[in-house]
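Per-entry structural report
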Amino acid sequence: MAVQARTKPAKIDSSRYQGLLRGDLLRIYRTMYLSRRIDDREIQLKRQNKTFFQISGAGHEGVLAAAGLVLRPGHDWVYPYYRDRALCLALGVTPLEMFLQAVGAKDDPNSGGRQMPSHWGIPRLNILPRSSSTGMQYTQAVGMAEATQYFEKFPHALKQAQQAPLGEHVRHQPDEIVYVSGGDGSTSEGEFFEGLNSACLRKLPMLFLIEDNGWAISVPVQFQTAGGNIAKLVANYPGLFLEECDGSDPLASYEVLGRAAEYCRARKGPALVHAQVTRPYSHSLSDDEKLYKTNALRQEEAHRDPIPKFGLFLVREGIVDEKELEAMEADVDREVREASDQALAAEPPAKESILVNQYSPDVDPSSSRFESTPQLSGEPRTMVEMISATLADEMERDERIAVLGEDVADCCNEDDLKHVKGKGGVFKATVGLQRRFGYARVFNTPIAEACIVGSSLGMAARGLKPVAEIQFFDYIWPAMMQLRNELSLFRWRSNGAFKAPAVIRVATGGYLTGGAIYHSQSGEVLFTHTPGIRVIMPSTALDLCGLLRTAIRSDDPVLFLEHKHLYRQPYNRSPYPGPDYTIPFGRARVVREGTDLSLVTYGAVVHRAEVAAAQLEREGVSVEIIDLRSLSPFDWEAIARTVTKTNRVIVAHEDMMSWGYGAEIAALISEKLFDELDAPVRRVAAMDTFCAYQPALEDEILPQTSDLVAAIRELLAY
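Now for a look at the structure at hand.

Cut-offs and rules
- Residues numbered from 1 in each chain as written.
- Predicted model: local features only at pLDDT ≥ 70, side-chain atom pairs only at ≥ 80, totals over all residues.
- Heavy atoms only, no water.
- Helix = DSSP H or I, 4+ residues; strand = E, 2+ residues; numbered from the N terminus.
- Rg over C-alpha atoms; globule rule 2.2 N^0.38 Å.
- Buried < 20%, exposed > 50% of the residue type's maximum accessible area, 1.4 Å probe, protein only.
- Contact = heavy atoms within 4.5 Å.
- Core = buried A, V, L, I, M, F, W, Y, C linked by side-chain atoms within 4.5 Å.
- Axes fitted to C-alpha atoms, helices over the stretch in contact; angles between N-to-C directions.
- Parallel < 35°, antiparallel > 145°, perpendicular 65-115°, else oblique.
- Left-handed = near helix turned anticlockwise from the far one by under 90°.
- Nonpolar A, V, L, I, M, F, W, Y, C, P; charged D, E, K, R; others polar.
- Patch = residues over 30% accessible without salt bridge, like charges linked within 9 Å, V, L, I, M, F, W, Y side chains within 5 Å.
- Areas by Shrake-Rupley, 256 points an atom, 1.4 Å probe, with all protein chains shown as cover.
- Salt bridge = Lys/Arg side-chain N within 4 Å of Asp/Glu carboxyl O.
- 1 Å grid on protein atoms, 1.4 Å probe; cavity = no way out; pocket = protein on both sides within 12 Å on 5 of 7 lines; lining within 4 Å.
- Points joined across faces, edges and corners; volume = space filled by probe spheres on them.
- Pairing = 2+ DSSP bridges.

1. Re the overall build of the protein
Within the protein, the secondary structure is distributed over 24 helices and 21 strands. Here the protein has a C-alpha radius of gyration of 29 Å; the compact-globule value for 718 residues is 27 Å, and the two agree. Each of the three principal axes of the protein carries a C-alpha extent, and together these read 105 × 65 × 45 Å. The 718 residues of the protein split such that 61% are buried. In the protein, the share of contacts with a sequence separation of at least 24, taken over all contacts with a separation of at least 6, comes to 80%.

2. Quick look at the nonpolar core
Core analysis: the largest hydrophobic core is formed by 82 residues, its most contacted members being Met-206, Ile-504 and Ile-669. Apart from the residues within four sequence positions on either side, Ile-504 is in contact with Val-453, Ser-456, Ala-468, Ile-470, Leu-483, Leu-487, Val-558, Leu-559 and Phe-560.

3. Re the packing of helix H1 (residues 22-47) against helix H2 (residues 61-70)
Two numbers describe how H1 lies on H2: the axes approach to 9 Å, and their chain directions differ by 130°. Taken together, the axes of H1 and H2 lie oblique to each other. In the packing of H1 onto H2, the handedness of the crossing is right-handed. For the pair formed by H1 and H2, the contact residues are Asp-24, Arg-27, Ile-28, Thr-31, Met-32, Ser-35 and Arg-36 on the first element and Glu-61, Gly-62, Ala-65, Gly-68 and Leu-69 on the second. Among the residues making up the contact of H1 with H2, the classes are represented as four nonpolar, four polar and four charged.

4. Considering a nonpolar patch on the surface
On the surface, Ile-517, Tyr-518 and Phe-690 cluster together into a nonpolar patch covering about 340 Å² of accessible area. One can find Ile-517 in the loop between strand S12 (503-508) and helix H18 (525-528).

5. Overview of the layout of surface pockets
If you add up the space inside the largest pocket, you get close to 350 Å³. In this structure, the largest pocket is lined by 24 residues; those nearest its centre are Tyr-81, Tyr-82, Thr-134, Ile-217 and His-283. Split by residue class, the lining of the largest pocket holds eight nonpolar, twelve polar and four charged.

6. Topic: the sheet that holds strand S1 (residues 77-79)
What the five strands build is an open sheet, ordered S1-S2-S3-S7-S6; its pairing is parallel. With partners counted over all chains shown, the strands left at the sheet margins are S1 and strand S6 (241-246), one partner each. Sheet twist, expressed as the mean angle between neighbouring strand axes with direction ignored, is 15°. Bridging between strand S2 (residues 178-183) and strand S3 (residues 206-212) involves six bridges; their strand directions are parallel. The residue bridging Val-178 from the neighbouring strand is Met-206, located in S3.

Pasting the structure below:
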């Protein structure tokens, strides 16, 4: 940097600089300058086609270097966003680790070459990896802060988490806080408001830092946020510490962030700091700010650049002289050059690594480890009764398990429990659990599906085992980003450094006589198409118990689909099979042996298949029925065996026909077992439309026993 003033360094009065000593002030400047020089080097490498993407933290360095002094590395939990380079450097991420990510090296500790640069995730520093999806981090940080509160109440859960796979990264400190940051544009996402609401409701020790550089790519903040100021919009959130600061001034930022952090450490609730920063570079190298910023505006932003401002301040205050500052900058330049050269010589990931860490390498839920024999006792229970019984046994065994969702508790006000029967979910699947384990372990959430799944991810990332409920599959879609882009990918994109084995229970399906469009939906194929998440759908109470227990004891995220129509049916009940009964994933159940034709199905269609097979048996037709029950992974061996045995097969499911789950099964059979077939593979499924309210229309839309009988007859006549 070039400055004109030269002053001999002298002993300083730290009271003039928020209590910071000379070494602290120089550390701030060095961190800021190092961050900028790494940005500049990455830009140079990208233009030389030696890296593949670049997004900078330029202009944000002042508030972030200050945050690095406020937060405690490996003590607090940090959910940075892609402009937080200076913070990550201050906390201990090295320039080499940053350049290894930029080149996509095998030894990149953040993701092993799987994520773009500036997506940090370092277990030793409690830095959690976030994705490129704007705003998703806020609800996940809520779950991390909920874990802080949880470990304070249940210390045995901490010990259990530390004994689980990746338990060496599970930590808890009595005064830890959770930091989460984002740009001004990210506050337009619903997850920001869902996360802030939950943080205030539960008085979570969360520090939100909103780094407002005035732009969401090319959209100015006054066109993005009502009134152009997010602090004004959230000013009346109860219990929220709220301050604004000049984020280009490290000392002003340090003062405000220090107060905010202490508020959180004292467990008074969450804090939000709104920092006004600048963006002297384009949004990324894929963007050209000259297309939407005037030259005058760009010059104005350049004058607010925190690095030359703070360097000049240090010299004028007599804290450092120009020669010493130039020597520091030269040392940084050398460090950046050496780190980037080392990264450029690093080995890229092997092609064979592509599927590594897609699922847990430690726990295989499809293994013989989960094979068991039921020890049946008591009266037969329905599927919905089996849920609460299974959860109760697992919660007794494992203190890490927390049940959350809309209405899952018996009563929010625990003092009222002695006066009321208790809710326990809209289907009463969790009834009695709060009475037994308390509201801290069985608690209601706001109607905010994205926050339910996002916070479950955050809790699971900290070592807990959340079992969340999405009340209806029809309303899972607000959480789709959290499920598809976050939860399923968490282990893979961190290259196995982090995991999030949450269980998401969802009531699904139709055949309700009046369920209509928004209480009858299926759509499991959208999730079986998503790597990284297990998808399970039992059709009997016994299978539900065994598979739910396996889901909880596995080490991967599981979408556990429970068919509403089957919850209280008498034909699928079972006595309780015992507290250790598990069923391996990917193992189909042979419902009925047969010789003439195979019917592969799952969910509510299983019973309809049984009725159809019984009807045709009277005509001398022998139908074999396979209940997949585990949709991802699924039991290809069972399918191959039955097709080889009968040489005719129908794949049936409740969801719509086109592009459905059955299409993949049918394609695999045709591809791999063509020589075994005596007739084409046939599918039976719902019409390609939505489920109507009128029962006669619902019967027409969804597959019925008569549809299966007709299809079987046609296929046998081929």
